[in-house]
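The lines below spell out each chain.
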Amino acid sequence: MDSHKEGDRGSGKQKKVKIVFVIGGPGSGKGTQCKRIAQQFGYTHLSVGELLRQEINSGSETGSMIQKIMKEGKLVPSDVTVRLLQQAMQEMDSDKFLIDGFPRNEENVQTFENLTKMEPEFVLLLDCPQDEMERRLLSRNEGREDDNIETIRKRFKVFMESTLPAVEYYESKGKLRKVDAGKSIDEVFESVKAIFSQGKDNKVRPSRHCCKCLIL
Ligand SMILES: Nc1ncnc2c1ncn2[C@@H]1O[C@H](COP(=O)(O)OP(=O)(O)OP(=O)(O)O)[C@@H](O)[C@H]1O
Ligand SMILES: Nc1ccn([C@@H]2O[C@H](COP(=O)(O)O)[C@@H](O)[C@H]2O)c(=O)n1
Ligand SMILES: [Mg+2]
């Protein structure tokens, strides 16, 4: 896949595919905000966690490998994750994708760039204090196997150690857009809307501590 839709090749009309990544700690509200963004701004919402859970539910060998990793709060190898994501993107007739929960580490970034030859337009970071994320996950009640305190703590550690370096990569490229996600759903969406309405020009100034979650 490249940054132009396959079906447009040969017609002389090549449509550029727009990608926005949405990242943030576990429970920062990625899924909640993505649903609203998709509805209001016409994006196709793909949750990478959901794609991995679908693979688990398919009963495949890859699915049982993913299940063990998820239970431990760890990250699935990027070649597996990116191939599932690439397949889902190819199946959708869309030129605007909102990719929820990706990238989670620098390997995710490199594998995505290598396999798809695409880059995100920008990356939305939902920046939320850890105690608030923990409260939200413990009361989510959706039956997720990883919503227990042991796995939640492991997921926080992975976020700090593996995801934040990927956040910093996009910050250094001027592609990071950060919102305070510790507020109510409606208030967070107001900040998110401002970013999606302004598009490219709404850049954040680099800061020493790019993330509230850093201050534990
Ligand atoms: N701003 C908010 N204020 C209070 N509760 C929220 C807010 N945003 C989301 N929630 C609730 O917190 C829980 C986690 O939200 P959500 O599933 O959107 O997070 P997430 O970032 O996608 O988490 P995960 O990484 O585990 O998939 C849900 O029960 C959701 O309804
Ligand atoms: N890029 C990713 C995304 C997710 N995972 C694994 O799935 C779990 C759940 O993800 P959510 O986005 O639904 O929270 C996550 O804890 C990882 O185990 C992944 O490996 N790589
Ligand atoms: Mg989610």
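Computed from a predicted structure; not experimentally measured. (Residues numbered from 1 in each chain as written. Chains lettered and ligands numbered in written order. Predicted model: local features only at pLDDT ≥ 70, side-chain atom pairs only at ≥ 80, totals over all residues. Heavy atoms only, no water.)

What follows is about helix H2 (residues 48-57). Of all ten residues making up H2, seven are buried, and the element is well covered by its neighbours. Elements in contact with the buried residues of H2: strand E2 (44-47), helix H3 (61-71), helix H4 (78-91) and strand E3 (96-100). Following H2 by one or two positions, Gly59 adopts a phi angle in the positive range, close to 80 degrees. (Buried < 20%, exposed > 50% of the residue type's maximum accessible area, 1.4 Å probe, protein only. Helix = DSSP H or I, 4+ residues; strand = E, 2+ residues; numbered from the N terminus. Contact = heavy atoms within 4.5 Å.)

The feature "binding site: ATP" (unreviewed entry), as given by UniProt, occupies Gly27, Ser28, Gly29, Lys30, Gly31, Thr32, Arg140 and Lys183 in the numbering adopted here. Of the residues named above, Gly27, Ser28, Gly29, Lys30, Gly31, Thr32, Arg140 and Lys183 line the largest pocket. Position of Gly27 among the secondary structure elements: in the loop between strand E1 (18-24) and helix H1 (30-41). For Gly27, a relative accessible area of 17% corresponds to the buried category. Once you skip the residues sitting within four places of it in the chain, Gly27 turns out to touch Met133, Arg136 and Leu137. Among the structural elements, Lys183 can be located in the loop between strand E5 (176-180) and helix H8 (185-198). Here Lys183 is in contact with Arg136 and Val188, once residues within four sequence places are set aside. (UniProt positions renumbered as here; feature names shortened; annotations may be inferred. 1 Å grid on protein atoms, 1.4 Å probe; cavity = no way out; pocket = protein on both sides within 12 Å on 5 of 7 lines; lining within 4 Å.)

An order of E2-E3-E1-E4-E5 is seen for the five strands of this open sheet, with the pairing classed as parallel. Unpaired on one side and paired on the other, E2 and E5 mark the two borders of the sheet. Strand-to-strand twist of the sheet, defined as the mean angle between neighbouring strand axes without regard to direction, takes the value 20 degrees. Judged from the five bridges that link them, E1 and strand E4 (residues 122-127) form a sheet pairing that is parallel. In the sheet register, Val20 faces E4, and the bridge partner there is Phe122. (Pairing = 2+ DSSP bridges. Axes fitted to C-alpha atoms, helices over the stretch in contact; angles between N-to-C directions.)

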